[in-house]
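# Observations on chain architecture
One-letter residues, chain by chain:
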Amino acid sequence: MNTVTLKLETLHRVPGLADDFDAQIEALVADCIKRPGLAKDRTLKVEIRIRPHATDPQDVTIEPVIATKRPSTVLDPIRGRCTKRNQLQFDWSAEGGDQSEE
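Values in this document were obtained by computation on a predicted structure and should not be read as measured data.

### Some details on unusual backbone geometry
Keep in mind that most residues, glycine aside, have a negative phi and that most peptide bonds are trans. The phi angle at Asn86 is positive, at roughly 60°, despite the residue not being glycine. For Asn86, the location among the structural elements is in the loop between strand S3 (80-82) and strand S4 (88-90). Classification of Asn86 as exposed rests on a relative accessible area of 65%.

### Focus on helix H1 (residues 17-34)
The end-to-end C-alpha distance of H1, which contains 18 residues, comes to 25 Å, matching closely the 26 Å that a straight helix rising 1.5 Å per residue would cover. Residues of H1 that are buried make contact with strand S1 (43-52) and strand S2 (60-69).

### Description of the pattern of salt bridges
Taken as a whole and assessed by the stated rule, the structure comprises five salt bridges. Of the charged contacts in the structure, one is a salt bridge between Glu47 and Arg49, with a shortest N-O distance of 2.6 Å. A relative accessible area of 26% places Glu47 in the partly exposed class. Between Arg51 and Glu63 there is a salt bridge, with its nearest N and O atoms 3.0 Å apart. On the criterion of sequence distance, the pair formed by Arg51 in strand S1 and Glu63 in strand S2 is long-range, its members being twelve residues apart. For Glu63, a relative accessible area of 29% puts it in the partly exposed group. Overlapping salt bridges bring together Asp31, Arg35 and Arg42 as one network.

### Concerning the confidence of the model for the protein
Parts of the prediction with low pLDDT should not have their coordinates interpreted in detail. Summing up the model confidence of the protein, the mean pLDDT is 84 and the portion of residues at 70 or higher is 89%. By mean pLDDT, the top-scoring element of the protein is H1 (94), and the lowest-scoring one is S4 (78). Per-residue pLDDT stays below 50 along residues 95-102; that stretch engages in six contacts with residues further than four places along the chain or on separate chains.

### Here we look at the environment of Thr68
Mapped onto the elements of the fold, Thr68 is located in strand S2. Thr68 sits 22 residues away from Val46 along the chain, and the two C-alpha atoms are 8.9 Å apart.

Scoring rules and cut-offs
Residues numbered from 1 in each chain as written. Predicted model: local features only at pLDDT ≥ 70, side-chain atom pairs only at ≥ 80, totals over all residues. Heavy atoms only, no water. Helix = DSSP H or I, 4+ residues; strand = E, 2+ residues; numbered from the N terminus. Buried < 20%, exposed > 50% of the residue type's maximum accessible area, 1.4 Å probe, protein only. Expected span 1.5 Å × (residues − 1). Contact = heavy atoms within 4.5 Å. Salt bridge = Lys/Arg side-chain N within 4 Å of Asp/Glu carboxyl O. pLDDT = per-residue confidence, 0-100.

Rendered as structure tokens:
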């Protein structure tokens, strides 16, 4: 087992962290390319959680977390109405969609 001091310079050695970071960056860039009209920020956060180890008080548990946030896709609003039985109905007209009443 190789041991290194946890520093900013050694984060890339944490197992899986660099690969996950790269994949998440690629996904955020792809989202920007896919939705260029959506000017909101895409964010990536690297978090290192440290807590006491469950069985050894001399050790700690280090948990790296990579979290991303992408803007939500907002769809056009639709009009709905409530039936006599308090069921919600709405009208839609997608290509080939069924518009029959139940």
